[in-house]
Amino acid sequence: RRERGDAPALAVRDLVVPGARRPNEVDGVSFEVRGGEIFGIAGVEGNGQTELIEALAGLRPPTGGSIALAGRDVTRLGVRDRAESGLSH
């Protein structure tokens, strides 16, 4: 049971990430990861996993959506600021 104010460790909402092969390699992806959970991303090559991970780590800027760490919006932060917040690749 979730407590009020219990923000997910990672919350991704409607994320859109451009790629080299097509305009939106990631198109409207949303998910949450809570403390203690193990979350995996899998698929065949070319399905946007690399672009998703790079956007989460701050290596590739998304064109839409949001990324939050423990309730803090980090969508526009760089790699260093995300690492200091506890996220790295």
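1. Things to note about the confidence of the model for the chain
Moving on, step 1. Averaged over every residue, the pLDDT of the chain is 90; the share at 70 or more is 94%.
Moving on, step 2. The weakest mean pLDDT in the chain belongs to helix α2 (residues 79–84) at 92; the strongest belongs to strand β1 (residues 10–17) at 97.

2. Some points on the packing of aromatic side chains
Moving on, step 1. Taken as a whole, this structure holds 1 aromatic pair when the rule is applied.
Moving on, step 2. Between the aromatic rings of Phe31 and Phe39, the centroid separation amounts to 4.5 Å while the plane-to-plane angle is 15°, which identifies the pairing as stacked.

3. A look at the environment of Thr63
Moving on, step 1. Looking at the element boundaries, Thr63 is found in the loop between α1 (49–57) and β3 (64–69).
Moving on, step 2. Distance in space between the C-alpha atoms of Thr63 and Val26 is 9.9 Å, their sequence separation being 37 residues.
Moving on, step 3. The contacts of Thr63, once residues within four sequence positions are left out, are Val16, Pro18 and Asn24.

4. With respect to the sheet that holds β1
Moving on, step 1. Spatial strand order, β2-β1-β3-β4: 4 strands in an open sheet with antiparallel pairing. Looking at which strands have only one partner, the edges of the open sheet turn out to be β2 (26–33) and β4 (72–73).
Moving on, step 2. Relative to β3, β1 runs antiparallel, the two sharing 5 bridges. Considered in β3, the bridge of Val12 is made with Ile67.

5. Remarks on the environment of Ser85
Moving on, step 1. Following the sequence through the fold, Ser85 ends up in the segment after α2.
Moving on, step 2. Looking at Ser85, the relative accessible area reads 30%, which means it is partly exposed.
Moving on, step 3. Separated by 13 residues in sequence, Ser85 and Arg72 place their C-alpha atoms 9.1 Å apart.
Moving on, step 4. When neighbours within four sequence positions are excluded, Ser85 is seen to be in contact with Leu69 and Arg72.
Moving on, step 5. Polar side-chain contacts of Ser85 include one of 3.0 Å to the backbone oxygen of Asp81.

Conventions we followed
Residues numbered from 1 in each chain as written. Predicted model: local features only at pLDDT ≥ 70, side-chain atom pairs only at ≥ 80, totals over all residues. Heavy atoms only, no water. pLDDT = per-residue confidence, 0-100. Helix = DSSP H or I, 4+ residues; strand = E, 2+ residues; numbered from the N terminus. Phe/Tyr/Trp six-rings, centres within 6.5 Å; stacked < 30°, edge-to-face > 60°. Contact = heavy atoms within 4.5 Å. Pairing = 2+ DSSP bridges. Buried < 20%, exposed > 50% of the residue type's maximum accessible area, 1.4 Å probe, protein only. Polar contact = N/O pair within 3.5 Å; in protein donor to acceptor, adjacent residues only side chain to side chain.

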